[in-house]
Amino acid sequence: MKASTQSLTLWGKRAPRHTITAIMLTEDQQTIVTGSQEGPICLWTLSMDLQISPRALLIGHTEAVTCVAKARDFEKKPYVVSATINGEMSLWDVRSGECVEATKRPYTHRTICYYYSSSRMVEEGWLLCCGEYPDVLVVDAQTLDILYKLISTDASNWISSMCIVRSPRIHEDSLIGISTSGVLKVWELSSSIYSVYEKGTAHETESRDLQCLQCQSIRFCTYTERLLLIVCSDFWKVFDYCDFSLVCDVPSEPGRRFAGGEPLPANRLIVWTEDGHSYIYQLSDRGLHRGVSSSLQRTSANEMFSPDMLCFTSNNKVHQGVMGFLSERKEPFYKILFFGDESGTITLWHIPDVPVSKPDGSPEETSIASSCSLDVSFKKFQVASICGHVSIPAEGKKTPAITASLYLPNHHLLVCGFEDGKIMRTHVLQAARVTLLEDQQKDRLPQKTFQGHAGSVTCLLYPHSYSDSFESSWLISGGQDSCVIQWDVLTSTVLHRFTLQAGPLLTLSVPPAECSPKVHKSICCLASDQSIALLNLPEQTCIMHARKHLFPVKTIKWRPVEDFLVVECEDGSVYVWEAETGALDRHETGDLAKAILWACDDSRAGTKPGTPAGVKPQNGAKRVGSSPPASPTETAEMHSHLAIHEPVFHPFSVQSLDTPCKDIHILQFDVEEILELIGAQPEQEQDLISSLNAPASIKRVKSTQRKRSILKKNKTSSTLLPVNGPLKDFVRDHLFQNENNSCLEEGTAIRKKSKSKRSKKSRKQSKKRCDENVTRDLAQLLLSCLFPWEVLQECDEFCLDTLGISKPQFLPSFALVSKAGYMSLILPGSYTEMESNVEGNGYHYLISHKVADLAKHYANSNTEEISFIESTGDLKMASLQKKIITYLLSIVMLVSSLMKLHFPERRNKQARQTREVWFRTIQKEEQGSFLSIKC
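Quick notes on the rules
- Position labels on residues start from 1 in each chain and follow its written sequence.
- Reporting in this predicted model follows two pLDDT cut-offs: at least 70 for local features of residues, and 80 or more for side-chain atom pairs to be given and counted; totals over whole chains, interfaces and linings ignore these cut-offs and use all residues.
- Working from all heavy atoms in the structure, the side-chain values ignore hydrogens and water.
- Nine residue types can take part in a nonpolar core, namely buried Ala, Val, Leu, Ile, Met, Phe, Trp, Tyr and Cys, and a core is a set of them joined through side-chain atoms within 4.5 Å.
- Relative accessibility decides the category of a residue: with a 1.4 Å probe and only protein chains considered, values under 20% of the type maximum give buried, values over 50% give exposed, and everything between is partly exposed.
- By the criteria applied, helices consist of DSSP H or I runs no shorter than four residues and strands consist of E runs no shorter than two, each listed in order from the N terminus.
- Two strands are said to pair when DSSP picks up at least two bridges between them.
- Lines fitted to C-alpha atoms define the axes, with helix axes restricted to the stretch in contact, and inter-axis angles between N-to-C directions lie between 0 and 180 degrees.
- To pair, rings of Phe, Tyr and Trp, with the six-membered ring standing in for Trp, must have centres within 6.5 Å; the planes then decide the type, stacked if under 30 degrees apart, edge-to-face if over 60, and tilted in the middle.
- Any angle that falls under 35 degrees is termed roughly parallel, while one over 145 is termed roughly antiparallel, one within 65 to 115 roughly perpendicular, and all others oblique.
- In this scheme the crossing of two helices becomes right-handed for a clockwise turn of the near helix relative to the far one and left-handed for an anticlockwise turn of less than a right angle.
- The contact rule is simple, with two residues in contact once any of their heavy atoms fall within 4.5 Å.
- Classes in brief: Ala, Val, Leu, Ile, Met, Phe, Trp, Tyr, Cys and Pro nonpolar; Asp, Glu, Lys and Arg charged; the others, Gly included, polar.
- What the arc describes is the spread of directions from the helix axis to the C-beta atoms.
- Per residue, pLDDT measures the predictor's confidence, with a range of 0 to 100.
- Take a side-chain nitrogen of Lys or Arg and a carboxyl oxygen of Asp or Glu: if they are within 4 Å of each other, that pair is a salt bridge.

**A look at the nonpolar core**
1) Next: Counting residues in each nonpolar core, the largest one holds 49 residues, and the members touching the most others are V428, L436, F652, L667, F669, L803 and L889.
2) Next: Counting residues in each nonpolar core, the second largest holds 29 residues, with I23, I32, L326 and M823 among its members.

**A word on helix α4 (residues 428-436)**
1) Next: Judged by how many residues are buried, α4 sits mostly within the fold: 8 of 9 residues are covered.
2) Next: All of the buried residues in α4 are V428, L429, A431, A432, R433, V434, T435 and L436.

**Remarks on the pairing of strand β40 (residues 505-509)**
1) Next: Counting buried positions along β40 yields 4 of 5 residues, so the element is predominantly enclosed.
2) Next: As defined by bridge partners, β40 adjoins strand β41 (residues 522-527) across 4 bridges and the pair is classed as antiparallel. Within β41, the residue paired with T507 across the bridge is L526.

**Section: the sheet that holds strand β19 (residues 215-220)**
1) Next: In spatial order, the strands read β19-β20-β21-β22; together these 4 strands make up an open sheet with antiparallel pairing. At either end of the open sheet lies a strand with only one pairing partner, and these are β19 and β22 (246-251). Neighbouring strand axes in the sheet, compared pairwise and without regard to direction, differ in orientation by 10 degrees on average.
2) Next: Taken together, the 5 bridges between strand β21 (residues 235-240) and β22 define a ladder with antiparallel strand orientation. Paired with W236 across the two strands is V250, which belongs to β22.

**Re the packing of aromatic side chains**
Two descriptors summarise a pair of aromatic rings, namely the distance from one centre to the other and the angle between the planes of the rings.
1) Next: All chains considered together, the criterion is met by 12 aromatic pairs.
2) Next: Members of the aromatic cluster, connected to one another through ring pairs, are Y115, W126 and Y148.

**Describing the packing of helix α8 (residues 671-679) against helix α14 (residues 772-786)**
1) Next: The contact between α8 and α14 brings their axes to 10 Å, and the two run at 135 degrees. The orientation of α8 with respect to α14, classified from their angle, is oblique. α8 and α14 meet at a crossing whose hand is left-handed. Contacts between α8 and α14 involve V671, I674, L677 and I678 on the former and, on the latter, T775, L778, A779 and L782.
2) Next: Residues of the contact of α8 with α14, tallied by class, amount to 7 nonpolar, 1 polar and no charged.

**A word on helix α15 (residues 793-803)**
1) Next: Those residues of α15 lying buried are C795, D796, F798, C799, T802 and L803. One side of α15 holds all its buried residues, which, seen down the axis, span an arc of 165 degrees. Exposed side of α15, more than 90 degrees from the buried face: Q793 and D801 are the residues found there.
2) Next: Two residues or fewer past α15, G804 is found with a positive phi of approximately 80 degrees.

**A few points about unusual backbone geometry**
Peptide bonds are mostly trans, and most non-glycine residues show a negative phi.
1) Next: Here the phi dihedral of A266 falls at roughly 60 degrees; this positive angle occurs in a residue that is not glycine.
2) Next: Counting through the fold element by element, A266 comes out in the loop between β23 (258-264) and β24 (268-273).
3) Next: Here S482, not a glycine, exhibits a phi torsion of approximately 65 degrees, which is positive.

**Things to note about the confidence of the model for the chain**
1) Next: Within the chain, residue pLDDT values average 75, and 70% of them lie at 70 or more.
2) Next: Here residues 681-769 scores under 50 on pLDDT; set against residues more than four positions off or in separate chains, the count is 119 contacts.
3) Next: Every residue in residues 833-852 is under pLDDT 50, and counting partners more than four places away or in other chains gives 38 contacts.

**Details of the packing of α4 against α14**
1) Next: For the pair α4 and α14, the least separation of the axes is 11 Å and the interaxial angle reads 25 degrees. Taken together, α4 and α14 sit at an angle that is classed as roughly parallel. In the packing of α4 onto α14, the handedness of the crossing is left-handed. Touching L429, A432, R433 and L436 of α4 are V774, D777, L778, Q780, L781 and C785, all from α14.
2) Next: A class-by-class count of the residues in the contact of α4 with α14 yields 7 nonpolar, 1 polar and 2 charged.

**Quick notes on the pairing of strand β42 (residues 532-536)**
1) Next: Of all the 5 residues making up β42, 5 are buried; the element is thus mostly covered by neighbouring parts of the structure.
2) Next: Residues I532, L534 and N536 of β42 are buried on one face, and the alternating residues A533 and L535, pointing to the opposite face, are buried as well.
3) Next: Taking the residues between adjacent antiparallel strands as the criterion, β41 and β42 are bridged by 4 residues, where Q530 takes a positive phi near 65 degrees.
4) Next: Relative to strand β43 (residues 541-546), β42 runs antiparallel, the two being bridged by 5 bridges.

**Some details on the pattern of salt bridges**
1) Next: Enumeration according to the criterion identifies 17 salt bridges in this entry.
2) Next: One salt bridge connects R208 with E206, and the closest N-O pair in it is separated by 2.7 Å.
3) Next: Exposure remark for R208: the relative accessible area of 30% places this residue in the partly exposed category.
4) Next: Two residues, E562 and R559, come together in a salt bridge whose shortest N-O distance is 3.5 Å.
5) Next: When its relative accessible area of 36% is taken as the criterion, E562 is described as partly exposed.
6) Next: When salt bridges with common partners are traced through the structure, they connect R72, K77 and E124 into a single cluster.

**Thoughts on the environment of L348**
1) Next: As for its position among the elements, L348 is in strand β29 (residues 345-351).
2) Next: Remark: the alpha-carbon pair of L348 and S370, spanning 22 residues in sequence, is separated by 5.4 Å.
3) Next: Dropping the residues within four chain positions of it, L348 is found in contact with I32, L46, L50, I52, I336, L337, F338, I368, A369 and S370.

**Here's the deal with the sheet that holds strand β11 (residues 126-131)**
1) Next: One open sheet holds the 5 strands; their spatial order is β10-β11-β12-β13-β17, and the pairing between them is mixed. The sheet is open, and its two borders are formed by β10 (109-115) and β17 (201-203), each paired with just one other strand. Averaged over all neighbouring strand pairs, the angle between strand axes comes to 25 degrees, with direction disregarded.
2) Next: Here β10 pairs with β11 via 6 bridges, running antiparallel. Of the residues in β11, the one forming a bridge with Y115 is W126.

Next comes the structure, spelled out in structure tokens:
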């Protein structure tokens with residue numbers, strides 16, 4: 001995605017589903033991180049009074065999140081790492097929501113521990129990972145590359161749980177793990193670092209069979225530096241770390257299973273269950289002393305001393321979930337127990353520093369400190385739904401949910417399919433204005449709702465976006481009723497109905513252009529019974545229906561030369577079909593199946609089901625060569641759910657996220673393309689520019705020196721400086737370059753190379769596709785959401801009356817696009833705290849308080865500015881409006897570019913030179929700019 005793209009999120013009336021599968025609290029006790037079954041990660045803000053509010057939704061993972069963990073020292077870099085069940089691994093900055101690094105490996109991680117030794121390591125540290133593979137993997141904390149392995153020579157197996165032991169008394173860092181067979185493993189980290197660097201592996205130093213099956217958690221007591229807590233599903237035990245003698249053993253209650261635990265000061269500990277209950281125990285001093293002193297023999301079962309229960313917490317809402325505990329020694333010294341359940345609710349308890357029981361000896365219940373969920377947040381704050389004004393339900397009925405969504409760039413239409421079988425089309429820009437801005441008339445919004453499916457609409461396809469051989473008015477929809485309907489989207493009429501009798505339709509795609517005309521003019525349909533059909537649209541016939549797939553389809557690929565359709569199933573088998581005849585050419589497994597897939601990758605990149613074939617992979621995906629990758633479909637599947645397959649030069653697109661909640665839409669504005677389209681001025685407007693040299697344009701200037709500088713500037717330059725001229729070249733050369741290219745020369749070379757590839761024909765077509773009215777609407781909509789309203793009333797009136805931009809109805813939510821196409825979506829209500837701190841509750845959420853301070857600085861300055869309001873009488877208002885909008889958009893583009901440069905990460909001479917040149921240029925342009933708005 002281009003650096004000049006600005007993204008705006010439109011949420012639906014329903015909160016996105018968030019089934020919590022992993023949870024953690026950062027060390028500064030300000031952010032809660034939760035992973036979900038659906039894939040997105042949610043960041044929650046924890047205030048000083050322990051109140052929870054959702055802040056951002058991190059979009060990028062395609063499968064369920066298995067674990068989230070600390071990935072760096074939070075005082076230096078607030079990074080966390082997340083892993084999914086399909087091997088995806090990502091590094092996130094929890095303060096900005098940016099994805100720092102992302103990769104995919106054939107490993108499923110269940111537990112991740114961060115390790116760093118300042119005296120022995122020169123890199124950022126290690127991520128010690130265990131999961132559904134033997135032993136422990138050592139991953140680089142910066143690049144996420146697999147470096148080494150910690151292996152077992154005795155009884156190698158999967159590791160159920162592990163923890164790092166740091167003890168000043170022992171002067172040795174160790175990694176302790178419990179395998180799935182109940183065997184304890186110990187790796188000495190400090191003494192093994194140099195061995196690992198040389199050999200790439202390290203062996204365990206100790207192995208003991210503790211019979212701890214189904215281990216859920218293992219923790220070392222840093223207070224005593226001797227006790228080891230092991231929590232299993234049916235019991236929890238305390239061992240002496242010196243000789244692993246048993247100190248305490250407590251079974252679980254009937255019907256409840258333990259899920260984890262943590263040691264507390266003063267020989268106390270807390271354990272919790274899967275359903276959100278926890279118990280705080282006091283270990284017996286006699287039993288603890290006896291267990292620790294028996295260094296030669298283990299304590300027998302009849303000599304055990306039962307611990308006393310001091311406190312407990314209960315959760316009346318019985319849900320399965322995950323729980324965690326954080327005892328931070330820094331201010332404010334909170335001991336926090338937190339629980340995330342399958343409904344997406346976070347419950348938090350403040351554990352007392354000195355937990356005690358009741359006077360009669362019975363345990364004391366600790367009440368819930370706070371609780372929050374996305375559903376509660378969405379009901380509390382007003383959210384923007386681009387289809388919120390459509391399909392008003394009758395009393396007692398719920399609004400039908402959106403199940404499929406598609407943007408048609410050629411017609412600027414948004415088509416949405418609903419769970420009741422209806423399909424709605426609307427003009428997306430007008431719908432966005434009605435949804436976001438004030439003073440918009442809903443009755444003038446052109447929209448059309450039509451019915452064609454008996455069940456919910458499951459998928460939509462606009463084939464003209466991928467090939468000109470399809471009519472621009474054709475729309476294809478698939479439904480729960482196993483029907484594929486060919487529509488004329490402009491007239492809302494059904495052209496043909498295909499009945500497949502194969503179950504609900506899952507995906508629709510377009511074959512590559514290299515296929516035969518008969519196949520290329522067809523669409524590929526994948527149904528829930530794992531059958532694949534090719535439907536020819538011009539002839540309105542089914543030319544192939546393959547039904548012999550025994551396992552779910554994983555990937556659909558093509559061999560255009562032979563007109564072969566290659567299908568990969570989840571069991572690794574491959575089916576090769578003749579597209580025109582529908583005959584099965586071969587069915588292969590094993591190495592031969594992999595060779596067939598690699599052969600298809602050599603000819604063209606494979607496509608994930610639902611991603612139309614023939615589309616170039618986006619978000620940095622590389623073309624697969626002849627050598628086998630770590631996963632056969634890694635390149636094809638990586639981030640394809642976020643790819644937007646739109647015309648290359650279109651300045652606007654609408655993206656619907658591939659999540660269970662389909663009513664989340666992201667409006668993406670390419671500011672650079674909008675500026676280019678606006679900048680294509682006719683020659684008749686040159687008189688407008690020359691009129692600015694007239695004395696009337698400077699009649700408000702009182703200073704003689706100021707007059708001379710402006711007159712001199714007007715004689716030498718008569719164009720809009722931030723958009724045209726040297727500043728435009730500077731922006732393209734140095735600000736909008738790839739992240740991997742920090743040199744100025746490389747940026748210039750890339751710009752020239754990319755510019756040479758754009759033909760004149762494509763540029764003419766792009767500008768014809770987006771006319772002047774649409775471009776103006778795009779610019780006005782974006783500026784309406786970005787402008788700092790209510791800073792100065794005079795500025796607001798000028799913008800409303802002259803520029804045609806309006807105030808938002810509520811706080812818009814913006815999106816940050818980071819590495820690999822991952823997104824951070826700002827959730828509703830995340831600006832509440834900042835807004836409450838602003839006098840008058842103005843719209844200062846966009847560029848923080850810096851814009852307001854800058855506006856006040858210029859308003860209070862002694863330098864007289866040029867008044868546009870008084871000089872517009874002799875000018876053409878439409879042209880002046882276009883010029884000022886262009887100027888404001890250029891500011892948005894430049895500020896966005898500066899925010900993405902990451903100068904602290906690139907401390908080199910050329911980066912410093914770029915920054916110095918930039919600020920010198922800005923100072924010069926501001927001094928001589930004739931477009932100084934009085935604010």
